[in-house]
Amino acid sequence: MQQIQDARNHVGQALYLLNSRDQTYQFKSGTEVNKLMDAVMLQLTRARNRLTTPAALTLPELASSSLMKMFTPSLPGDVFANFYINLSKLCLIVYQLHLLQPNLNKTLFTALDVIPNVHGLEQGWPNHSSRATRSSLTYNVQLTEICWLRQESYELVLSMNFKAAGSSVLHNPGSTFEINNQKYEVSHVHKVECVIPWLNDTLVFFTIALQLCQQLKDKISVFSNYWNFKPY
């Protein structure tokens with residue numbers, strides 16, 4: 001997982017800083033030691049944070065992430081999945097989605113199919129003077145226009161009320177987003193957690209390492225104050 005890889009990279013950087021000097025190297029001042037400890041502690045803190053603070057993603061970012069490409073066979077188009085580490089737990093989140101905006105052409109064609117004689121308008125008005133036929137065709141045309149207006153009104157209201165969800169570790173039901181001009185809503189969220197014992201041990205070791213670095217800085221600070229002391 002990316003979180004573990006990132007934490008490993010930060011630990012590797014901290015080790016590189018510590019091993020960049022020969023064992024016989026002598027520090028020239030306490031300030032030099034403090035600078036080294038600050039750099040090491042920064043890397044250790046970043047490593048620990050990657051395991052304690054999962055990345056916040058938008059749903060479109062999740063859809064295009066490598067997590068969605070790891071399944072064989074691929075997940076259905078209305079299902080998203082996300083893995084992340086939170087402290088000593090491995091979490092799996094599954095989102096069930098449903099489409100908010102229907103296809104305009106499909107809706108229109110469906111409306112035309114259920115209206116008799118409308119397709120006959122393509123060949124022109126019938127050559128007879130039947131008042132009943134003209135009235136029926138006029139009604140069908142009006143009904144078709146109503147279908148258009150209702151569809152356009154629906155899309156306008158949906159566009160005005162639509163607000164895409166921002167970045168989050170866990171998206172709640174009702175969250176909306178847009179991909180490829182299609183609007184979706186999260187209908188259900190399922191979460192599973194599994195405790196990984198060695199992750200807890202790793203966090204403890206990070207804490208101990210940071211405490212040792214801070215203790216060394218505190219000792220350097222005490223000696224620095226003693227060296228800089230000038231009796232009156």
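Just so you know, these numbers come straight off a predicted model, no measurement behind them.

1. Digging into the packing of aromatic side chains
Then, in step 1: Going through the model one piece at a time under the given rule, you end up with four aromatic pairs.
Then, in step 2: Measuring from centroid to centroid gives 5.3 Å for Tyr 25 and Phe 27, while their planes differ by 85°, and the two rings are edge-to-face.
Then, in step 3: An angle of 20° between the planes, with centres 5.5 Å apart, marks the rings of Phe 177 and Tyr 184 as stacked.
Then, in step 4: Assessed through its relative accessible area of 1%, Phe 177 is described here as buried.
Then, in step 5: These aromatic residues form a ring-pair network of at least three members: Phe 80, Phe 177 and Tyr 184.

2. As for the side chain of Asp 6
Then, in step 1: Within the secondary structure, Asp 6 sits in helix H1 (residues 2-19).
Then, in step 2: At a separation of 2.7 Å, a polar atom in the side chain of Asp 6 contacts the side chain of Gln 2.

3. What about the nonpolar core?
Then, in step 1: Among the nonpolar cores identified, the biggest contains 19 residues, and Leu 36, Met 37, Val 40, Leu 44, Leu 51, Phe 206 and Cys 213 are the most heavily contacted of them.
Then, in step 2: Looking at this core element by element, the count peaks at eight residues for helix H2 (residues 30-52).
Then, in step 3: Counting residues in hydrophobic clusters, the runner-up holds eleven residues, among them Phe 80, Tyr 84, Ile 93 and Tyr 95.

4. Quick word on the sheet that holds strand S4 (residues 182-195)
Either a parallel or an antiparallel arrangement is found when strands of a sheet pair, and the pairing is made through backbone hydrogen bonds.
Then, in step 1: In spatial order, the strands read S1-S2-S4-S3; together these four strands make up an open sheet with antiparallel pairing. Unpaired on one side and paired on the other, strand S1 (79-86) and strand S3 (176-179) mark the two borders of the sheet. Strand-to-strand twist of the sheet, defined as the mean angle between neighbouring strand axes without regard to direction, takes the value 35°.
Then, in step 2: Of the pairings in the sheet, the one linking S3 to S4 comprises four bridges and is antiparallel in character.

5. Thoughts on the pairing of strand S2 (residues 89-99)
When a strand is regular, its side chains alternate between the sheet's two faces.
Then, in step 1: Two elements, S1 and S2, share eight bridges in a ladder whose sense is antiparallel. In the sheet register, Phe 83 faces S2, and the bridge partner there is Leu 92.
Then, in step 2: Hairpin remark: S1 followed by S2, antiparallel, with two residues in the connecting loop; positive phi at Leu 87, about 60°.

6. Here's the deal with H1
Then, in step 1: Between its first and last C-alpha atoms H1 spans 26 Å; for 18 residues at 1.5 Å apiece the expected length is 26 Å, and the two agree.
Then, in step 2: Residues of H1 that are buried: Gln 3, Asp 6, Ala 7, His 10, Ala 14 and Leu 17. One face of H1 carries all of its buried residues, which in axial projection span an arc of 100°. In H1, the exposed positions angled more than 90 degrees off the buried face are occupied by Gln 2, Arg 8, Tyr 16 and Asn 19.
Then, in step 3: On the buried face of H1, the contacting elements are H2 and S1.

The rules behind these values
- Residues numbered from 1 in each chain as written.
- Predicted model: local features only at pLDDT ≥ 70, side-chain atom pairs only at ≥ 80, totals over all residues.
- Heavy atoms only, no water.
- Phe/Tyr/Trp six-rings, centres within 6.5 Å; stacked < 30°, edge-to-face > 60°.
- Buried < 20%, exposed > 50% of the residue type's maximum accessible area, 1.4 Å probe, protein only.
- Helix = DSSP H or I, 4+ residues; strand = E, 2+ residues; numbered from the N terminus.
- Polar contact = N/O pair within 3.5 Å; in protein donor to acceptor, adjacent residues only side chain to side chain.
- Core = buried A, V, L, I, M, F, W, Y, C linked by side-chain atoms within 4.5 Å.
- Pairing = 2+ DSSP bridges.
- Axes fitted to C-alpha atoms, helices over the stretch in contact; angles between N-to-C directions.
- Expected span 1.5 Å × (residues − 1).
- Arc of directions from axis to C-beta.
- Contact = heavy atoms within 4.5 Å.

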